[in-house]
Amino acid sequence: MTIRTHTCGALRKSDSGKTVVLQGWVARARDLGGLVFIDLRDRYGKTQVVVEPEQAAVIQIAHDLKSEWVIEVTGVVRARPDGMINADLPTGEVELVATGIEVLNRCPELPFQIESQDKASDELRLKYRYLDLRRTELQEVLILRHKVANIARNHFTEQGFIEVETPCLVKSTPEGARDYLVPSRVFPHQFYALPQSPQIYKQILMVAGFDKYFQICKCFRDEDLRSDRQPEFTQIDVEMSFATRDGVFAVVEELWVKILRDVWGVELPMPLKRLTYNECIEHYGSDKPDLRYDLRFENVTSHVQDTEFRVIRGALDDGGVVIGLRVPGQAELSRKQFGEVEELAKAAGLGGILPIKITAEGFSGVMSGKVDDAALAKIVQQLKGEVGDLLLLAVGKKSKVLKSLGVLRIKLAEHFKLFDPADHRKVSMFWVVDFPLFEKDEETGEVFPAHHPFTGFNPEDADRLDTEPWNVRSTSYDLVMNGNELLSGSIRIHDPILQAKIFKLLGISDEEAKLRFGFLVDALKFGAPPMGGFALGFDRMIMVLTNRPIRDVIAFPKTTLAQSLMDGSPSPVDLKLLSDLQIALAPASPQKG
Ligand code: ASP
(Lines give C-alpha, C1' and ligand atoms only; values in the text may rest on other atoms or scores of the structure.)
Protein backbone atom coordinates (compact mmCIF):
# COMPACT_ATOMS: atom_id res chain seq x y z
CA MET A 1 0.00 0.00 0.00
CA THR A 2 1.17 3.54 -0.72
CA ILE A 3 -0.30 6.81 0.48
CA ARG A 4 -3.40 8.05 -1.35
CA THR A 5 -2.93 11.34 -3.17
CA HIS A 6 -6.64 12.17 -3.36
CA THR A 7 -9.96 11.00 -1.96
CA CYS A 8 -12.66 9.51 -4.18
CA GLY A 9 -14.57 12.79 -4.17
CA ALA A 10 -11.70 15.09 -5.12
CA LEU A 11 -10.74 14.78 -8.78
CA ARG A 12 -11.88 17.42 -11.26
CA LYS A 13 -11.27 18.20 -14.93
CA SER A 14 -8.37 20.46 -13.93
CA ASP A 15 -6.57 17.36 -12.61
CA SER A 16 -6.46 15.80 -16.11
CA GLY A 17 -3.09 14.31 -16.92
CA LYS A 18 -2.03 13.86 -13.28
CA THR A 19 -0.92 10.51 -11.94
CA VAL A 20 -2.82 9.86 -8.72
CA VAL A 21 -3.46 7.15 -6.14
CA LEU A 22 -6.97 6.48 -4.80
CA GLN A 23 -8.06 4.00 -2.13
CA GLY A 24 -11.55 2.91 -1.33
CA TRP A 25 -14.31 0.32 -1.70
CA VAL A 26 -15.54 -1.18 -4.96
CA ALA A 27 -19.10 0.16 -5.12
CA ARG A 28 -19.65 -1.56 -8.45
CA ALA A 29 -17.48 -3.32 -11.00
CA ARG A 30 -18.79 -3.69 -14.55
CA ASP A 31 -16.80 -6.20 -16.52
CA LEU A 32 -17.37 -5.60 -20.23
CA GLY A 33 -14.85 -8.24 -21.22
CA GLY A 34 -12.40 -5.88 -22.88
CA LEU A 35 -12.86 -3.00 -20.46
CA VAL A 36 -13.62 -3.01 -16.74
CA PHE A 37 -15.35 0.00 -15.12
CA ILE A 38 -15.09 0.35 -11.36
CA ASP A 39 -17.00 2.84 -9.21
CA LEU A 40 -14.60 3.45 -6.35
CA ARG A 41 -16.16 4.84 -3.18
CA ASP A 42 -15.04 6.39 0.07
CA ARG A 43 -16.84 8.79 2.36
CA TYR A 44 -15.92 11.75 0.19
CA GLY A 45 -17.57 10.48 -2.98
CA LYS A 46 -17.16 8.19 -5.96
CA THR A 47 -14.76 8.14 -8.87
CA GLN A 48 -15.03 6.08 -12.02
CA VAL A 49 -11.98 3.95 -12.73
CA VAL A 50 -11.42 2.46 -16.19
CA VAL A 51 -9.19 -0.53 -16.75
CA GLU A 52 -8.18 -0.91 -20.37
CA PRO A 53 -7.11 -4.19 -22.01
CA GLU A 54 -3.63 -2.83 -22.80
CA GLN A 55 -2.88 -3.03 -19.05
CA ALA A 56 -2.76 -6.82 -19.15
CA ALA A 57 -1.67 -7.41 -15.55
CA VAL A 58 -4.09 -4.83 -14.16
CA ILE A 59 -7.11 -6.09 -16.04
CA GLN A 60 -6.40 -9.57 -14.77
CA ILE A 61 -6.90 -8.27 -11.22
CA ALA A 62 -9.90 -6.15 -12.27
CA HIS A 63 -11.75 -9.20 -13.68
CA ASP A 64 -11.81 -10.72 -10.18
CA LEU A 65 -13.01 -7.66 -8.26
CA LYS A 66 -16.24 -7.95 -6.28
CA SER A 67 -18.42 -5.40 -4.51
CA GLU A 68 -16.97 -3.96 -1.31
CA TRP A 69 -13.43 -5.22 -1.86
CA VAL A 70 -10.94 -2.61 -0.65
CA ILE A 71 -8.48 -1.59 -3.33
CA GLU A 72 -5.83 0.91 -4.21
CA VAL A 73 -5.76 2.26 -7.73
CA THR A 74 -2.89 4.10 -9.32
CA GLY A 75 -3.71 5.80 -12.59
CA VAL A 76 -3.84 8.83 -14.82
CA VAL A 77 -6.76 11.28 -14.66
CA ARG A 78 -8.53 11.72 -18.01
CA ALA A 79 -11.29 14.15 -18.93
CA ARG A 80 -14.39 12.29 -20.05
CA PRO A 81 -15.63 13.04 -23.57
CA ASP A 82 -18.68 15.33 -23.63
CA GLY A 83 -21.31 12.63 -24.05
CA MET A 84 -19.88 10.58 -21.17
CA ILE A 85 -20.02 13.24 -18.43
CA ASN A 86 -21.98 12.19 -15.34
CA ALA A 87 -23.61 15.38 -14.06
CA ASP A 88 -24.81 13.61 -10.89
CA LEU A 89 -21.29 13.15 -9.57
CA PRO A 90 -18.92 16.00 -8.58
CA THR A 91 -16.15 13.86 -10.09
CA GLY A 92 -18.30 13.11 -13.14
CA GLU A 93 -16.19 15.07 -15.62
CA VAL A 94 -13.20 12.75 -15.23
CA GLU A 95 -12.25 9.11 -15.00
CA LEU A 96 -9.14 7.44 -13.70
CA VAL A 97 -7.34 5.24 -16.20
CA ALA A 98 -5.77 2.55 -14.05
CA THR A 99 -2.09 1.66 -14.37
CA GLY A 100 -2.05 -0.45 -11.20
CA ILE A 101 -4.50 -2.06 -8.80
CA GLU A 102 -3.63 -3.53 -5.43
CA VAL A 103 -6.25 -5.51 -3.55
CA LEU A 104 -6.05 -4.39 0.09
CA ASN A 105 -8.86 -6.61 1.34
CA ARG A 106 -11.60 -8.90 0.13
CA CYS A 107 -15.23 -9.11 1.16
CA PRO A 108 -17.50 -12.18 1.23
CA GLU A 109 -21.00 -12.27 -0.23
CA LEU A 110 -22.93 -9.33 1.27
CA PRO A 111 -26.02 -9.86 3.45
CA PHE A 112 -27.63 -6.98 1.53
CA GLN A 113 -26.64 -4.66 -1.27
CA ILE A 114 -25.25 -1.34 -0.12
CA GLU A 115 -25.61 0.59 -3.33
CA SER A 116 -29.20 -0.28 -4.13
CA GLN A 117 -32.04 0.48 -1.74
CA ASP A 118 -32.84 -3.20 -1.47
CA LYS A 119 -35.43 -4.76 0.76
CA ALA A 120 -33.15 -5.81 3.60
CA SER A 121 -35.03 -5.91 6.90
CA ASP A 122 -34.25 -3.39 9.63
CA GLU A 123 -32.92 -6.24 11.79
CA LEU A 124 -30.41 -7.29 9.16
CA ARG A 125 -29.28 -3.75 8.60
CA LEU A 126 -28.75 -3.19 12.32
CA LYS A 127 -26.83 -6.45 12.67
CA TYR A 128 -24.48 -5.36 9.90
CA ARG A 129 -24.59 -1.71 10.89
CA TYR A 130 -21.07 -1.09 9.53
CA LEU A 131 -22.33 -2.02 6.06
CA ASP A 132 -25.45 0.11 6.36
CA LEU A 133 -23.27 2.99 7.50
CA ARG A 134 -21.30 2.78 4.27
CA ARG A 135 -24.36 4.18 2.50
CA THR A 136 -23.83 7.78 1.47
CA GLU A 137 -27.10 9.03 2.94
CA LEU A 138 -26.35 7.68 6.42
CA GLN A 139 -22.81 9.01 6.26
CA GLU A 140 -24.19 12.41 5.36
CA VAL A 141 -26.44 12.34 8.44
CA LEU A 142 -23.54 11.56 10.79
CA ILE A 143 -21.37 14.19 9.14
CA LEU A 144 -24.18 16.72 9.64
CA ARG A 145 -24.44 15.61 13.26
CA HIS A 146 -20.76 16.36 13.71
CA LYS A 147 -21.21 19.75 12.06
CA VAL A 148 -24.11 20.73 14.33
CA ALA A 149 -22.17 19.59 17.42
CA ASN A 150 -19.33 21.82 16.28
CA ILE A 151 -21.62 24.82 15.74
CA ALA A 152 -22.94 24.33 19.27
CA ARG A 153 -19.50 23.88 20.80
CA ASN A 154 -18.19 26.99 19.09
CA HIS A 155 -21.29 28.98 19.99
CA PHE A 156 -21.10 28.22 23.69
CA THR A 157 -17.34 28.67 23.78
CA GLU A 158 -17.62 32.08 22.07
CA GLN A 159 -20.21 33.10 24.64
CA GLY A 160 -17.86 32.29 27.52
CA PHE A 161 -19.23 28.87 28.49
CA ILE A 162 -16.88 26.17 29.75
CA GLU A 163 -17.34 22.52 28.82
CA VAL A 164 -17.10 20.42 31.97
CA GLU A 165 -17.53 16.66 32.07
CA THR A 166 -19.77 15.37 34.81
CA PRO A 167 -19.52 11.75 35.96
CA CYS A 168 -21.25 8.76 34.38
CA LEU A 169 -21.26 6.74 37.60
CA VAL A 170 -23.53 8.83 39.77
CA LYS A 171 -26.00 8.84 42.53
CA SER A 172 -29.41 8.27 41.06
CA THR A 173 -30.62 11.56 39.45
CA PRO A 174 -34.28 12.49 39.41
CA GLU A 175 -35.71 12.97 35.94
CA GLY A 176 -38.62 10.67 36.51
CA ALA A 177 -37.56 7.58 34.56
CA ARG A 178 -36.05 4.32 35.78
CA ASP A 179 -32.28 4.35 36.30
CA TYR A 180 -29.76 2.04 34.71
CA LEU A 181 -27.81 0.65 37.63
CA VAL A 182 -24.16 -0.32 37.91
CA PRO A 183 -23.17 -2.50 40.87
CA SER A 184 -20.20 -1.56 43.03
CA ARG A 185 -17.61 -4.30 43.60
CA VAL A 186 -15.95 -2.49 46.48
CA PHE A 187 -19.23 -1.87 48.28
CA PRO A 188 -21.22 -5.03 47.67
CA HIS A 189 -24.96 -4.56 47.19
CA GLN A 190 -24.53 -0.88 46.50
CA PHE A 191 -25.07 0.69 43.14
CA TYR A 192 -24.23 3.65 41.00
CA ALA A 193 -26.75 4.91 38.50
CA LEU A 194 -25.99 6.05 34.97
CA PRO A 195 -27.11 9.70 34.79
CA GLN A 196 -30.58 10.46 33.46
CA SER A 197 -29.16 13.97 33.14
CA PRO A 198 -26.30 15.89 34.76
CA GLN A 199 -28.91 18.10 36.48
CA ILE A 200 -27.60 18.09 40.04
CA TYR A 201 -23.96 18.20 38.99
CA LYS A 202 -24.45 21.22 36.78
CA GLN A 203 -26.23 23.07 39.56
CA ILE A 204 -23.35 22.23 41.87
CA LEU A 205 -20.93 23.59 39.26
CA MET A 206 -22.80 26.90 39.59
CA VAL A 207 -22.35 26.78 43.37
CA ALA A 208 -18.64 26.19 42.65
CA GLY A 209 -18.58 29.42 40.64
CA PHE A 210 -18.25 28.13 37.08
CA ASP A 211 -20.89 30.61 35.98
CA LYS A 212 -21.54 29.25 32.47
CA TYR A 213 -21.33 25.52 31.85
CA PHE A 214 -22.13 23.33 28.89
CA GLN A 215 -21.57 19.73 27.96
CA ILE A 216 -22.53 17.52 25.05
CA CYS A 217 -23.20 14.39 27.02
CA LYS A 218 -24.78 10.97 27.07
CA CYS A 219 -27.80 10.39 29.32
CA PHE A 220 -29.53 7.12 30.12
CA ARG A 221 -33.17 6.39 30.88
CA ASP A 222 -34.56 2.89 31.29
CA GLU A 223 -38.02 3.52 29.85
CA ASP A 224 -40.32 1.37 27.79
CA LEU A 225 -39.13 2.60 24.47
CA ARG A 226 -41.15 4.14 21.74
CA SER A 227 -39.90 4.24 18.24
CA ASP A 228 -38.52 7.75 18.67
CA ARG A 229 -36.61 7.09 21.90
CA GLN A 230 -33.34 5.43 22.71
CA PRO A 231 -32.18 4.18 26.13
CA GLU A 232 -29.02 6.24 25.77
CA PHE A 233 -29.23 9.59 24.11
CA THR A 234 -27.21 12.75 23.74
CA GLN A 235 -28.09 16.15 25.06
CA ILE A 236 -26.53 19.57 24.97
CA ASP A 237 -26.69 20.41 28.63
CA VAL A 238 -26.32 24.01 29.81
CA GLU A 239 -26.44 25.95 33.07
CA MET A 240 -25.92 29.67 33.72
CA SER A 241 -25.49 31.63 36.94
CA PHE A 242 -27.31 34.92 37.58
CA ALA A 243 -29.45 34.02 34.58
CA THR A 244 -32.82 35.46 33.72
CA ARG A 245 -35.24 33.66 31.45
CA ASP A 246 -34.63 36.27 28.73
CA GLY A 247 -30.88 35.73 29.04
CA VAL A 248 -31.28 31.98 28.61
CA PHE A 249 -33.61 32.43 25.64
CA ALA A 250 -31.15 34.75 23.90
CA VAL A 251 -28.34 32.17 24.11
CA VAL A 252 -30.58 29.47 22.64
CA GLU A 253 -32.06 31.67 19.94
CA GLU A 254 -28.65 32.76 18.69
CA LEU A 255 -27.58 29.13 18.52
CA TRP A 256 -30.61 28.22 16.40
CA VAL A 257 -30.05 31.17 14.09
CA LYS A 258 -26.56 29.80 13.39
CA ILE A 259 -27.70 26.20 12.97
CA LEU A 260 -30.54 26.97 10.58
CA ARG A 261 -28.42 29.40 8.60
CA ASP A 262 -25.57 26.89 8.22
CA VAL A 263 -27.59 23.74 7.69
CA TRP A 264 -30.67 24.90 5.80
CA GLY A 265 -29.69 28.38 4.66
CA VAL A 266 -32.79 29.69 6.45
CA GLU A 267 -32.95 32.96 8.42
CA LEU A 268 -34.93 32.42 11.59
CA PRO A 269 -36.98 35.52 12.47
CA MET A 270 -36.02 36.77 15.92
CA PRO A 271 -37.03 36.95 18.71
CA LEU A 272 -39.06 33.76 18.87
CA LYS A 273 -42.71 33.86 19.86
CA ARG A 274 -43.71 32.79 23.36
CA LEU A 275 -46.92 30.87 23.98
CA THR A 276 -48.22 29.93 27.38
CA TYR A 277 -48.79 26.31 28.23
CA ASN A 278 -52.52 26.99 28.69
CA GLU A 279 -52.76 28.65 25.29
CA CYS A 280 -51.14 25.61 23.67
CA ILE A 281 -53.44 23.15 25.39
CA GLU A 282 -56.65 25.16 24.93
CA HIS A 283 -56.05 26.01 21.28
CA TYR A 284 -53.91 23.19 19.93
CA GLY A 285 -54.45 20.31 22.37
CA SER A 286 -50.72 19.76 22.87
CA ASP A 287 -47.80 21.37 24.69
CA LYS A 288 -45.74 20.99 21.52
CA PRO A 289 -48.08 21.95 18.69
CA ASP A 290 -46.89 22.08 15.12
CA LEU A 291 -47.67 25.63 14.04
CA ARG A 292 -46.55 25.26 10.45
CA TYR A 293 -50.30 25.09 9.90
CA ASP A 294 -53.00 27.01 11.74
CA LEU A 295 -55.93 24.72 12.70
CA ARG A 296 -56.40 26.48 16.01
CA PHE A 297 -59.42 25.53 18.04
CA GLU A 298 -61.79 27.55 20.15
CA ASN A 299 -64.13 26.72 22.99
CA VAL A 300 -67.54 27.66 21.58
CA THR A 301 -69.63 26.20 24.41
CA SER A 302 -71.13 29.53 25.47
CA HIS A 303 -72.90 29.97 22.11
CA VAL A 304 -74.82 26.69 22.42
CA GLN A 305 -75.45 26.68 26.14
CA ASP A 306 -79.26 26.54 25.68
CA THR A 307 -79.53 24.31 22.65
CA GLU A 308 -81.81 21.30 22.62
CA PHE A 309 -79.81 19.61 19.88
CA ARG A 310 -79.47 16.14 21.36
CA VAL A 311 -75.74 15.46 20.88
CA ILE A 312 -74.68 18.80 22.34
CA ARG A 313 -77.32 18.86 25.07
CA GLY A 314 -76.26 15.44 26.34
CA ALA A 315 -72.59 16.44 26.49
CA LEU A 316 -73.28 19.76 28.21
CA ASP A 317 -75.56 18.13 30.79
CA ASP A 318 -72.67 15.79 31.47
CA GLY A 319 -70.39 18.73 32.27
CA GLY A 320 -68.83 18.65 28.81
CA VAL A 321 -67.77 21.34 26.35
CA VAL A 322 -68.03 22.09 22.64
CA ILE A 323 -64.77 22.87 20.87
CA GLY A 324 -64.53 23.85 17.24
CA LEU A 325 -61.81 24.03 14.67
CA ARG A 326 -61.74 25.54 11.21
CA VAL A 327 -60.43 23.69 8.18
CA PRO A 328 -59.92 26.35 5.52
CA GLY A 329 -61.39 25.81 2.06
CA GLN A 330 -62.88 22.34 2.59
CA ALA A 331 -66.63 23.13 2.56
CA GLU A 332 -67.05 21.23 -0.70
CA LEU A 333 -66.07 17.82 0.70
CA SER A 334 -68.12 15.00 -0.74
CA ARG A 335 -69.93 12.55 1.53
CA LYS A 336 -67.18 10.04 0.97
CA GLN A 337 -64.45 12.57 1.73
CA PHE A 338 -66.22 13.61 4.91
CA GLY A 339 -66.41 9.92 5.83
CA GLU A 340 -62.59 9.90 5.71
CA VAL A 341 -62.47 12.89 8.07
CA GLU A 342 -64.84 11.07 10.42
CA GLU A 343 -62.52 8.05 10.38
CA LEU A 344 -59.59 10.30 11.31
CA ALA A 345 -61.65 11.77 14.15
CA LYS A 346 -62.46 8.29 15.43
CA ALA A 347 -58.82 7.26 15.25
CA ALA A 348 -57.98 10.40 17.25
CA GLY A 349 -60.32 9.21 20.00
CA LEU A 350 -63.42 11.30 19.27
CA GLY A 351 -66.86 9.69 19.30
CA GLY A 352 -67.91 11.83 16.36
CA ILE A 353 -67.54 15.20 14.78
CA LEU A 354 -70.19 17.77 13.83
CA PRO A 355 -69.56 19.65 10.57
CA ILE A 356 -70.64 23.14 9.61
CA LYS A 357 -70.04 23.90 5.94
CA ILE A 358 -69.96 27.60 5.16
CA THR A 359 -71.24 28.26 1.66
CA ALA A 360 -72.46 31.38 -0.11
CA GLU A 361 -76.01 30.21 0.63
CA GLY A 362 -75.40 29.89 4.39
CA PHE A 363 -74.49 27.09 6.77
CA SER A 364 -75.16 23.42 6.15
CA GLY A 365 -74.46 20.25 8.08
CA VAL A 366 -76.23 18.10 10.67
CA MET A 367 -76.79 21.05 12.96
CA SER A 368 -78.53 23.37 10.52
CA GLY A 369 -82.19 23.64 11.41
CA LYS A 370 -81.46 22.03 14.79
CA VAL A 371 -79.23 24.67 16.31
CA ASP A 372 -80.45 28.17 15.67
CA ASP A 373 -78.71 30.24 13.03
CA ALA A 374 -77.72 33.01 15.43
CA ALA A 375 -75.75 30.49 17.53
CA LEU A 376 -74.15 29.02 14.42
CA ALA A 377 -73.23 32.52 13.25
CA LYS A 378 -71.49 33.23 16.55
CA ILE A 379 -69.54 29.97 16.31
CA VAL A 380 -68.50 30.83 12.77
CA GLN A 381 -67.47 34.28 13.90
CA GLN A 382 -65.38 32.98 16.81
CA LEU A 383 -63.65 30.47 14.55
CA LYS A 384 -63.10 33.19 11.93
CA GLY A 385 -64.89 31.02 9.38
CA GLU A 386 -65.23 32.25 5.81
CA VAL A 387 -67.25 31.12 2.82
CA GLY A 388 -65.70 27.87 1.59
CA ASP A 389 -64.49 26.73 5.02
CA LEU A 390 -65.44 23.61 6.89
CA LEU A 391 -65.85 23.88 10.66
CA LEU A 392 -65.67 20.78 12.83
CA LEU A 393 -67.14 20.67 16.32
CA ALA A 394 -66.30 18.07 18.94
CA VAL A 395 -68.23 17.56 22.17
CA GLY A 396 -67.37 15.83 25.43
CA LYS A 397 -65.22 16.16 28.54
CA LYS A 398 -62.87 19.08 28.07
CA SER A 399 -59.50 17.42 28.67
CA LYS A 400 -60.40 14.44 26.50
CA VAL A 401 -61.78 16.57 23.65
CA LEU A 402 -58.74 18.86 23.67
CA LYS A 403 -56.35 15.92 23.61
CA SER A 404 -58.20 14.15 20.80
CA LEU A 405 -58.56 17.33 18.75
CA GLY A 406 -54.81 17.83 19.24
CA VAL A 407 -54.27 14.47 17.55
CA LEU A 408 -56.92 15.12 14.88
CA ARG A 409 -55.33 18.46 14.07
CA ILE A 410 -52.12 16.72 13.00
CA LYS A 411 -53.99 14.07 11.01
CA LEU A 412 -56.04 16.72 9.22
CA ALA A 413 -52.93 18.72 8.34
CA GLU A 414 -51.41 15.60 6.78
CA HIS A 415 -54.68 14.56 5.11
CA PHE A 416 -55.29 17.95 3.51
CA LYS A 417 -51.57 18.52 2.87
CA LEU A 418 -51.57 21.80 4.78
CA PHE A 419 -47.79 21.72 4.95
CA ASP A 420 -44.92 20.10 3.12
CA PRO A 421 -42.62 18.22 5.50
CA ALA A 422 -39.73 18.66 3.08
CA ASP A 423 -40.11 22.45 2.88
CA HIS A 424 -37.26 23.75 5.03
CA ARG A 425 -38.27 27.34 4.46
CA LYS A 426 -41.25 26.80 6.68
CA VAL A 427 -40.02 26.60 10.26
CA SER A 428 -42.28 27.01 13.24
CA MET A 429 -40.19 27.55 16.34
CA PHE A 430 -41.42 29.08 19.58
CA TRP A 431 -41.12 28.95 23.35
CA VAL A 432 -43.72 27.47 25.63
CA VAL A 433 -43.77 29.15 29.04
CA ASP A 434 -45.84 29.16 32.21
CA PHE A 435 -46.08 25.42 32.66
CA PRO A 436 -47.74 24.34 35.88
CA LEU A 437 -45.25 23.58 38.66
CA PHE A 438 -46.93 20.33 39.65
CA GLU A 439 -48.85 17.58 37.95
CA LYS A 440 -51.06 14.99 39.51
CA ASP A 441 -51.46 11.38 38.46
CA GLU A 442 -55.23 11.11 37.90
CA GLU A 443 -55.26 7.45 38.94
CA THR A 444 -52.95 7.35 41.97
CA GLY A 445 -53.38 10.98 43.07
CA GLU A 446 -49.59 11.16 43.33
CA VAL A 447 -48.13 14.65 42.93
CA PHE A 448 -45.01 15.05 40.86
CA PRO A 449 -43.05 17.94 39.45
CA ALA A 450 -44.09 18.90 35.93
CA HIS A 451 -40.40 19.47 35.12
CA HIS A 452 -38.13 18.37 37.98
CA PRO A 453 -38.04 19.18 41.69
CA PHE A 454 -35.42 21.93 41.35
CA THR A 455 -37.59 24.09 39.10
CA GLY A 456 -38.54 27.49 40.44
CA PHE A 457 -41.98 29.08 40.42
CA ASN A 458 -43.41 32.40 39.35
CA PRO A 459 -43.09 34.75 42.37
CA GLU A 460 -46.54 36.18 41.55
CA ASP A 461 -47.97 32.77 42.46
CA ALA A 462 -46.02 32.31 45.72
CA ASP A 463 -49.04 32.71 47.97
CA ARG A 464 -50.83 29.90 46.12
CA LEU A 465 -48.16 27.35 46.99
CA ASP A 466 -49.95 26.27 50.15
CA THR A 467 -53.53 26.92 49.12
CA GLU A 468 -53.81 25.95 45.45
CA PRO A 469 -50.50 24.47 44.32
CA TRP A 470 -52.14 23.32 41.04
CA ASN A 471 -52.37 26.91 39.96
CA VAL A 472 -48.75 27.78 40.58
CA ARG A 473 -46.86 28.52 37.40
CA SER A 474 -43.31 27.24 37.17
CA THR A 475 -40.30 28.96 35.66
CA SER A 476 -39.76 26.13 33.21
CA TYR A 477 -39.81 26.48 29.45
CA ASP A 478 -39.72 24.32 26.35
CA LEU A 479 -38.56 25.10 22.85
CA VAL A 480 -40.78 23.61 20.15
CA MET A 481 -39.94 23.24 16.48
CA ASN A 482 -42.32 21.82 13.89
CA GLY A 483 -44.21 19.86 16.54
CA ASN A 484 -41.12 18.54 18.33
CA GLU A 485 -39.96 19.45 21.81
CA LEU A 486 -36.30 20.27 21.28
CA LEU A 487 -35.39 21.70 24.66
CA SER A 488 -36.61 21.96 28.17
CA GLY A 489 -35.22 23.82 31.09
CA SER A 490 -36.00 26.18 33.90
CA ILE A 491 -34.83 28.88 36.24
CA ARG A 492 -34.00 26.92 39.40
CA ILE A 493 -34.64 27.25 43.07
CA HIS A 494 -31.41 28.43 44.66
CA ASP A 495 -32.72 28.98 48.17
CA PRO A 496 -32.28 25.83 50.32
CA ILE A 497 -35.32 26.70 52.46
CA LEU A 498 -37.58 27.04 49.43
CA GLN A 499 -36.13 23.84 48.01
CA ALA A 500 -37.01 22.01 51.22
CA LYS A 501 -40.53 23.40 51.00
CA ILE A 502 -40.97 22.11 47.44
CA PHE A 503 -39.78 18.65 48.51
CA LYS A 504 -42.39 18.73 51.23
CA LEU A 505 -45.15 19.73 48.79
CA LEU A 506 -44.08 16.85 46.60
CA GLY A 507 -44.54 14.51 49.52
CA ILE A 508 -40.80 13.87 49.81
CA SER A 509 -39.94 13.51 53.50
CA ASP A 510 -36.89 15.20 55.03
CA GLU A 511 -35.16 11.83 55.34
CA GLU A 512 -35.88 10.89 51.75
CA ALA A 513 -34.76 14.30 50.48
CA LYS A 514 -31.56 13.97 52.48
CA LEU A 515 -30.94 10.49 51.16
CA ARG A 516 -31.64 11.33 47.52
CA PHE A 517 -30.54 14.92 47.07
CA GLY A 518 -28.80 15.74 50.36
CA PHE A 519 -25.61 16.74 48.60
CA LEU A 520 -27.42 19.30 46.46
CA VAL A 521 -29.35 20.74 49.40
CA ASP A 522 -26.09 20.96 51.35
CA ALA A 523 -24.38 22.69 48.45
CA LEU A 524 -27.25 25.19 48.09
CA LYS A 525 -26.55 26.29 51.66
CA PHE A 526 -23.03 27.36 50.76
CA GLY A 527 -23.84 30.42 48.69
CA ALA A 528 -25.67 29.20 45.59
CA PRO A 529 -26.14 31.88 42.94
CA PRO A 530 -29.50 32.26 41.16
CA MET A 531 -29.26 29.95 38.17
CA GLY A 532 -31.09 28.52 35.20
CA GLY A 533 -30.41 26.25 32.29
CA PHE A 534 -31.71 23.71 29.88
CA ALA A 535 -31.02 20.58 27.91
CA LEU A 536 -31.37 20.40 24.15
CA GLY A 537 -32.15 16.92 22.86
CA PHE A 538 -29.31 16.52 20.39
CA ASP A 539 -30.60 13.37 18.65
CA ARG A 540 -34.02 14.99 18.27
CA MET A 541 -32.38 18.08 16.76
CA ILE A 542 -30.68 15.99 14.10
CA MET A 543 -33.93 14.10 13.43
CA VAL A 544 -35.73 17.38 12.80
CA LEU A 545 -32.90 18.80 10.70
CA THR A 546 -32.66 15.69 8.51
CA ASN A 547 -36.32 14.60 8.65
CA ARG A 548 -35.14 11.08 9.51
CA PRO A 549 -36.05 8.53 12.18
CA ILE A 550 -33.96 8.26 15.33
CA ARG A 551 -32.07 5.15 14.29
CA ASP A 552 -30.63 6.99 11.29
CA VAL A 553 -29.15 9.81 13.36
CA ILE A 554 -27.25 7.63 15.85
CA ALA A 555 -24.23 5.62 14.73
CA PHE A 556 -25.03 2.52 16.76
CA PRO A 557 -28.69 2.61 17.77
CA LYS A 558 -30.63 0.13 19.84
CA THR A 559 -33.95 -1.49 18.97
CA THR A 560 -37.18 -0.65 20.78
CA LEU A 561 -36.32 -3.54 23.13
CA ALA A 562 -33.06 -1.71 23.93
CA GLN A 563 -30.96 -4.36 22.21
CA SER A 564 -27.92 -3.79 20.09
CA LEU A 565 -28.23 -6.31 17.27
CA MET A 566 -24.66 -5.70 16.17
CA ASP A 567 -22.84 -6.48 19.41
CA GLY A 568 -25.56 -8.66 20.91
CA SER A 569 -26.04 -6.66 24.09
CA PRO A 570 -27.52 -7.06 26.59
CA SER A 571 -26.07 -10.51 27.16
CA PRO A 572 -25.33 -12.87 30.04
CA VAL A 573 -22.02 -12.23 31.79
CA ASP A 574 -19.33 -14.48 33.20
CA LEU A 575 -20.53 -15.87 36.54
CA LYS A 576 -17.14 -14.99 38.01
CA LEU A 577 -17.92 -11.29 37.43
CA LEU A 578 -21.22 -11.69 39.25
CA SER A 579 -19.61 -13.49 42.15
CA ASP A 580 -17.03 -10.67 42.48
CA LEU A 581 -19.99 -8.33 42.77
CA GLN A 582 -21.71 -10.67 45.23
CA ILE A 583 -24.73 -10.86 42.99
CA ALA A 584 -26.77 -14.03 42.60
CA LEU A 585 -29.36 -14.32 39.87
CA ALA A 586 -32.99 -15.03 40.70
CA PRO A 587 -34.83 -17.27 38.22
CA ALA A 588 -35.69 -15.19 35.15
CA SER A 589 -39.29 -14.19 34.56
CA PRO A 590 -40.44 -13.96 30.93
CA GLN A 591 -38.88 -11.18 28.93
CA LYS A 592 -40.96 -8.02 28.78
CA GLY A 593 -41.72 -6.56 25.47
N1 ASP B 1 -32.30 18.20 33.24
C2 ASP B 1 -33.35 18.62 32.36
C3 ASP B 1 -33.60 17.53 31.31
O4 ASP B 1 -32.75 16.67 31.11
C5 ASP B 1 -33.06 19.88 31.64
C6 ASP B 1 -32.83 21.05 32.53
O7 ASP B 1 -33.69 21.41 33.34
O8 ASP B 1 -31.75 21.66 32.39
O9 ASP B 1 -34.64 17.53 30.68
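A short tour of the structure in this document, coming up. Remember, predicted model here, so these are calculated numbers, not experimental data.

Here we come to the sheet that holds strand E13 (residues 321-327). Spatially, E12-E13-E16-E14-E15 is the arrangement adopted by the five strands of the open sheet, whose pairing is antiparallel. Of all the strands in the sheet, the pair left with one neighbour each is strand E12 (297-299) and strand E15 (362-364). Ignoring which end each strand starts from, the neighbouring axes of this sheet average 25 degrees apart. Here four bridges tie strand E14 (residues 354-359) to strand E16 (residues 390-396), and the two strands are oriented antiparallel to one another. For proline 355, the partnering residue across the bridge sits in E16 and is leucine 392. Contacts from helix H10 (residues 373-382) reach E12, E14, E15 and E16 within the one sheet, and its direction differs from that of E15 by about 95 degrees. Packing against the sheet, helix H11 (residues 398-415) makes contact with E12, E13 and E16, and its axis sits at approximately 10 degrees to E13.

So, about helix H4 (residues 136-158). In a regular helix each residue adds 1.5 Å, so 23 residues correspond to 33 Å; H4 covers 32 Å between its end C-alpha atoms and thus fits that length. All buried positions along H4 are accounted for by Leu138, Val141, Leu144, Arg145, Val148, Ala149, Ile151, Ala152, His155 and Phe156. Positive backbone phi, approximately 90 degrees, marks glycine 160, located one or two places after H4.

Once that is clear, we can look at the layout of surface pockets. Counted as a void, the second largest pocket has a volume near 1,200 Å³. As for the second largest pocket, its lining consists of 34 residues, of which Tyr180, Asp222, Leu561, Ala562 and Pro570 are closest to the centre. Those elements that place two or more of their residues in the lining of the second largest pocket are strand E7 (181-183) and helix H16 (575-580). For the lining of the second largest pocket, the leading source of residues is E7, giving three residues.

The rules behind the values
Residues numbered from 1 in each chain as written. Predicted model: local features only at pLDDT ≥ 70, side-chain atom pairs only at ≥ 80, totals over all residues. Heavy atoms only, no water. Pairing = 2+ DSSP bridges. Helix = DSSP H or I, 4+ residues; strand = E, 2+ residues; numbered from the N terminus. Axes fitted to C-alpha atoms, helices over the stretch in contact; angles between N-to-C directions. Contact = heavy atoms within 4.5 Å. Expected span 1.5 Å × (residues − 1). Buried < 20%, exposed > 50% of the residue type's maximum accessible area, 1.4 Å probe, protein only. 1 Å grid on protein atoms, 1.4 Å probe; cavity = no way out; pocket = protein on both sides within 12 Å on 5 of 7 lines; lining within 4 Å. Points joined across faces, edges and corners; volume = space filled by probe spheres on them.

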